[in-house]
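Residue-level listing of the chains:
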Amino acid sequence: MMDRADVTISEKYRRLLESYQIEYDYGRNIEAYSGELEEGGETRTVDFLRIGRLALLYQTLDGQETGVWHPSERRWEKLGDEYRASVSEGIRMARKQVAPDLIRIPLSAPEDVR
């Protein structure tokens, strides 16, 4: 669309700002949803927790297993019990069942992309 002469400059600008706004909003929100997780040939229903662009986590429905997605390695890693309560609380916050609060989650260190 940016190369088309029949689209006005103001429309191009509006679309560009709209794209930035969508990306900005996506990076600042928290979302929880249920879905299927396939791992090791086994499929399970889990609750996923997405925190902006910072983290994607899961927790089994019984709360016994918690994990985090490593995008650079394209794999899930199981987490220890120290994150179980925080992820469970984050899921409840995303579903607006409890008031927003700080939670402890694992974050990957930023990489140098030079």
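Residues numbered from 1 in each chain as written. Predicted model: local features only at pLDDT ≥ 70, side-chain atom pairs only at ≥ 80, totals over all residues. Heavy atoms only, no water.

Q: So what about the sheet that holds strand E2 (residues 42-51)? Which residues, and what values?
A: Sheet strands line up and pair through hydrogen bonds in the backbone, either parallel or antiparallel. Strands sit in the order E1-E2-E3-E4-E5 across an open sheet of five strands; the sheet is antiparallel. Each having just a single partner strand, strand E1 (30-39) and strand E5 (75-79) make up the two edges of the open sheet. Here the strands of the sheet are splayed against their neighbours by 35° on average, with no regard to which way each runs. Sheet topology places E1 next to E2; 10 bridges connect them, and they run antiparallel. Bridging from a neighbouring strand, alanine 32 pairs with leucine 49 of E2. (Pairing = 2+ DSSP bridges. Helix = DSSP H or I, 4+ residues; strand = E, 2+ residues; numbered from the N terminus. Axes fitted to C-alpha atoms, helices over the stretch in contact; angles between N-to-C directions.)

Q: I'd like a rundown of the pattern of salt bridges, residues and numbers included.
A: By the definition in use, this model includes 14 salt bridges. Taking the shortest distance from any N to any O, the salt bridge between arginine 15 and glutamate 11 comes out at 3.1 Å. You can see arginine 15 and its partner glutamate 11 sitting in helix H1 (residues 9-28), four residues apart, about one turn around the helix. In this structure, the salt-bridge partner of glutamate 18 is arginine 14, at a minimum N-O distance of 3.3 Å. Note that glutamate 18 and arginine 14 are positioned in helix H1 at a spacing of four residues, about one turn of the helix. Its relative accessible area of 39% is what places glutamate 18 among the partly exposed residues. Residue class for arginine 14 comes out partly exposed when judged on its relative accessible area of 38%. If you follow the salt bridges from partner to partner, you end up with Glu39, Glu42, Arg44, Glu65 and Lys78 in one network. (Salt bridge = Lys/Arg side-chain N within 4 Å of Asp/Glu carboxyl O. Buried < 20%, exposed > 50% of the residue type's maximum accessible area, 1.4 Å probe, protein only.)

Q: Can you explain the side chain of threonine 66? Please cite residues and give values.
A: Secondary-structure assignment places threonine 66 in strand E4 (residues 66-70). Look at threonine 66 and you get buried, because its relative accessible area is 2%. In terms of polar contacts, threonine 66 uses its side chain to reach the side chain of glutamine 59, at 3.0 Å. With sequence-adjacent residues up to four places away left out, threonine 66 is seen in contact with Tyr58, Gln59, Glu77, Lys78, Leu79, Tyr83, Arg84 and Val87. (Polar contact = N/O pair within 3.5 Å; in protein donor to acceptor, adjacent residues only side chain to side chain. Contact = heavy atoms within 4.5 Å.)

Q: Tell me about a nonpolar patch on the surface, and please be specific about residues and values.
A: Taken together, the side chains of Met1, Met2, Tyr13, Leu16, Leu17 and Tyr20 define a hydrophobic patch exposed on the protein surface, amounting to about 620 Å² of accessible area. Secondary-structure assignment places leucine 17 in helix H1. For leucine 17, a relative accessible area of 42% puts it in the partly exposed group. (Patch = residues over 30% accessible without salt bridge, like charges linked within 9 Å, V, L, I, M, F, W, Y side chains within 5 Å. Areas by Shrake-Rupley, 256 points an atom, 1.4 Å probe, with all protein chains shown as cover.)

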